[in-house]
Amino acid sequence: MSSYPKPALAQVSSMSDAAVAAPDRAVAFQGAPGCNSHRAALEYDAQCLPLPCFSFEDALDAVRDGRAERAIIPIENSQHGRVADIHFLLPESGLSIVGEHFTPINHALMALGEGPFTAAYSHPQALGQSRRYLREKGIVPMAYADTAGAAAYVREMGDPTLAAIAPKLAAELYDLQIVEDNVEDADDNTTRFVVLAREPLDPFTLQGQKTMTTFIFEVNNVPAALYKALGGFATNGVNMTKLESYQTGASFAASKFYVDIEGAPGEERVDRAMQELAFHCKYVRPLGTYRLARPRG
């Protein structure tokens, strides 16, 4: 908690106390109160008790340790791609994906006054998503751990030449003036979040709903292994919406892959495709089956 700017500490303390009193309603998120993950938690479950955590690892640990029922973690943005290294964090956490949520991202420039400003603080993703605006205004982008934390930092510094780029909720929490709203460069800026819990959902309970299944795998280190492994999804008509490779360790001998497919275990076409995949792999590790969501708009 001591890593947050002072203006955020009271908010963090109050929200943490509420979560401790009712951990079954707590949803852990990374960042200071007022960040986009805070927004996403309330959008996903308006009755939840958002629990701020300083890092992604802290948010996952809160669920694993029973201090929160769920965590909500951003994994990709429509403008800047991957947000969190979920490929590394999730398998190590032992948690399962039980939901997904899409949040439209709107950034506001906020400060103690109306400017002019020498610098704007925010998370690197938000700075990148507002790059053209900052360049046009001649404002120097300055990286901070998260968007709302940047707003709290500007309040703490008390310097009217400094600004923050953050959600409007942060301006309300830290008593800053919104100088300009919607400073993001693209109006279709959207972040996808996943919701994590200690226990996976039973695919049987999702029957009749459109579902998504996420898993990781590593192919055998032989020629054309990936081509052969993925063939079963095409021949069985299973739609693959994400395929990302990543490396662990220093050998660089074989890639691991993170995958989203539409469908659930128990569906004949999915089971056939997964069986064919497993034949060509060192391992296949499911990360969760959950209801498919779509971006609003």
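Right above here is the structure, for reference.
Quick notes on the rules
Residues numbered from 1 in each chain as written. Predicted model: local features only at pLDDT ≥ 70, side-chain atom pairs only at ≥ 80, totals over all residues. Heavy atoms only, no water. 1 Å grid on protein atoms, 1.4 Å probe; cavity = no way out; pocket = protein on both sides within 12 Å on 5 of 7 lines; lining within 4 Å. Points joined across faces, edges and corners; volume = space filled by probe spheres on them. Helix = DSSP H or I, 4+ residues; strand = E, 2+ residues; numbered from the N terminus. Nonpolar A, V, L, I, M, F, W, Y, C, P; charged D, E, K, R; others polar. Pairing = 2+ DSSP bridges. Axes fitted to C-alpha atoms, helices over the stretch in contact; angles between N-to-C directions. Contact = heavy atoms within 4.5 Å. Phe/Tyr/Trp six-rings, centres within 6.5 Å; stacked < 30°, edge-to-face > 60°.

(A) Representation of the layout of surface pockets in the model. One number sums up the size of the largest pocket: a volume of about 230 Å³. Taken together, 20 residues form the lining of the largest pocket, with T214, R285, P286, L287 and G288 sitting closest to its centre. Of all the secondary-structure elements, those providing two or more residues to the lining of the largest pocket are helix 4 (86-93), strand 12 (211-219), helix 10 (268-279) and strand 15 (281-291). When residues in the lining of the largest pocket are grouped by element, the largest group, six residues, is from strand 15. Class assignment of the residues belonging to the lining of the largest pocket gives a composition of 13 nonpolar, six polar and one charged.

(B) Structural detail: empty space enclosed by the protein. In the structure shown here, the tally under the stated rule is two cavities of 30 Å³ or more. What the largest cavity holds in volume is close to 270 Å³. Lining of the largest cavity is provided by 19 residues; of these, N36, P74, V83, H123 and T147 occupy positions nearest its centre. Contributions of two or more residues to the lining of the largest cavity are made by helix 2 (36-44), strand 3 (70-77), helix 5 (124-129) and strand 11 (190-197). Among the elements that line the lining of the largest cavity, the one with the most residues is helix 5, at three residues. Taken together, the residues of the lining of the largest cavity sort by class into seven nonpolar, 11 polar and one charged.

(C) Quick peek at the sheet that holds strand 12. Read from one edge of the open sheet, four strands run 13-14-12-15, paired in antiparallel fashion. Two strands lie at the open edges of the sheet, namely strand 13 (240-246) and strand 15, each paired on one side alone. Taken over all neighbouring pairs, the strand axes of this sheet differ in orientation by 15° on average, direction set aside. Here strand 12 runs beside strand 14 (residues 256-262); their pairing, made up of seven bridges, is antiparallel. Along strand 14, the bridge assignment pairs F215 with V259. Here helix 4 sits on the sheet in contact with strand 12, strand 13, strand 14 and strand 15, set at roughly 90° to strand 13. Where helix 10 meets the sheet, its contacts fall on strand 12, strand 14 and strand 15, and the angle it forms with strand 15 comes to roughly 155°.

(D) Summary view of the packing of aromatic side chains. Taken as a whole and assessed by the stated rule, the structure comprises six aromatic pairs. Arranged with centres 6.2 Å apart and planes meeting at 35°, the rings of F215 and F217 form a pair that is tilted. Members of the aromatic cluster, each reached through a chain of ring pairs, are F215, F217, F233 and F257.

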